[in-house]
Amino acid sequence: MDNPENPDFSQDDLFEHYRFVASKGQEPLRVDKFLMNFIENATRNKIQKAAKDGNIWVNDQIVKQNYKVKAGDEVKVLFEHPPYELLLTPEDIPLDIVYEDEVLLVVNKPAGMVVHPGHGNYSGTLINALVYHFDNLPNNSSMRPGLVHRIDKDTSGLLVVAKTEAAMTYLAKQFFEKTSEREYVALVWGNMELDQGTIAGNLARHPKNRLQMAVFEEEGVGKEAITHYKVIERLGYVTLVSCKLETGRTHQIRVHMKHIGHTLFNDERYGGDKILKGTTFTKYKQFVDNAFKILPRQALHAKTLGFKHPLTGQSMRFDSELPNDMAAGIEKWRSYARHSN
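All values derive from a computational prediction rather than experimental measurement. (Residues numbered from 1 in each chain as written. Predicted model: local features only at pLDDT ≥ 70, side-chain atom pairs only at ≥ 80, totals over all residues. Heavy atoms only, no water.)

A.B. asks: I'd like to hear about the pattern of salt bridges, residue by residue, with values.
C.D. replies: It is possible for side chains of opposite charge to pair when their charged atoms get near one another. A full pass over the atoms with the stated rule returns 19 salt bridges. A salt bridge links D32 to R30, with the shortest nitrogen-to-oxygen separation between them at 2.9 Å. The partner of E181 in a salt bridge is R317, with the nearest N and O atoms 3.2 Å apart. Residue E181 is found in strand β10 (residues 181–189), and its partner R317 is found in strand β17 (residues 315–319); the two are separated by 136 residues along the sequence. Overall, E181 belongs to the partly exposed group, its relative accessible area being 23%. (Salt bridge = Lys/Arg side-chain N within 4 Å of Asp/Glu carboxyl O. Helix = DSSP H or I, 4+ residues; strand = E, 2+ residues; numbered from the N terminus. Buried < 20%, exposed > 50% of the residue type's maximum accessible area, 1.4 Å probe, protein only.)

A.B. asks: Account for helix α2 (residues 44–52), naming residues and giving values.
C.D. replies: Of all the positions in α2, only I47, A50 and A51 are classed as buried. With its buried residues spanning 100 degrees around the axis, α2 presents them on a single face. Opposite its buried face, α2 presents the exposed residues N45 and K52, each directed more than 90 degrees away. Immediately beyond the C-terminal end of α2, within one or two residues, lies G54, with a positive phi of roughly 75 degrees. (Arc of directions from axis to C-beta.)

A.B. asks: An account of the packing of helix α1 (residues 31–38) against α2 is needed here, citing residue identities and associated values.
C.D. replies: With their axes 10 Å apart at the nearest point, α1 and α2 run at an angle of 130 degrees to one another. Of the possible angle classes, the one that applies to α1 and α2 is oblique. Crossing geometry of α1 relative to α2 is assigned as right-handed. Two secondary-structure elements touch here, α1 through D32, K33, L35 and M36 and α2 through R44, I47 and Q48. Considered class by class, the residues forming the contact of α1 with α2 number three nonpolar, one polar and three charged. (Axes fitted to C-alpha atoms, helices over the stretch in contact; angles between N-to-C directions. Parallel < 35°, antiparallel > 145°, perpendicular 65-115°, else oblique. Left-handed = near helix turned anticlockwise from the far one by under 90°. Contact = heavy atoms within 4.5 Å. Nonpolar A, V, L, I, M, F, W, Y, C, P; charged D, E, K, R; others polar.)

Printed below as a string of structure tokens:
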């Protein structure tokens, strides 16, 4: 990238980490605040330093932190450290491998582990562990070795990892063509009206909070997302549900459930870390606070994973137990529901 206003600029010193285009509905907003909405784990000091150093660009021009971003603006921010694909440091982190052969493995990711390095999470990720334990993992288009799909940091559960280029292509095609099987278990706020149903709504970045996704009804906005759900157990003010993904979009289950009025229990990003259903009694508030402590993250687990094997074409299906925090949280609600009747 040319930088006529800063002749000392060097690709060796700075790296373009982020590029955003402001949506049509973007109201004028200071660029530092705009970037705070966009970049997960960013600090105001870090963004202000980038602005002070001349490392925030709008429409290929350096801007100060008080520049007002408008609809259609292209915003870029550069930092002094390299992007995650240059920081794939092998780390000796234990992996819970539930299956492995010569071309793939299935791992059970714990809640709290980030899948791949990114801003604010350059170590301790699943990818850091994979490149330590396995040599020559194939890269996908995003430079994430072995990764076929992903789940959120605070979601636990099963992931398939490719060990060869051919396996990567074969598995990725199944996810793209929606022939893989992915079933999640979620604990959501509220007593769901229907025993089962389908949520269909395109997902795109929330126009005001760029760290959230949102459902859009208009054609041409966002990507198609379809979730099939079925009630497993009703527990009074919360419901245990099974969610099967027909598509795999960012935050899909979390957003779809909020869209129908059943935000995931303790999902901080989408408001599930507040009491959304129940009574105003002090004892109930204490109960919920204790439930939050027992299950200190969104109540979502990738329980079942199915796909065809790249070499044999044989259907493979893996199932995992609920992790201890989620099982304990569900049992606490089960006990509450039993004593409330």
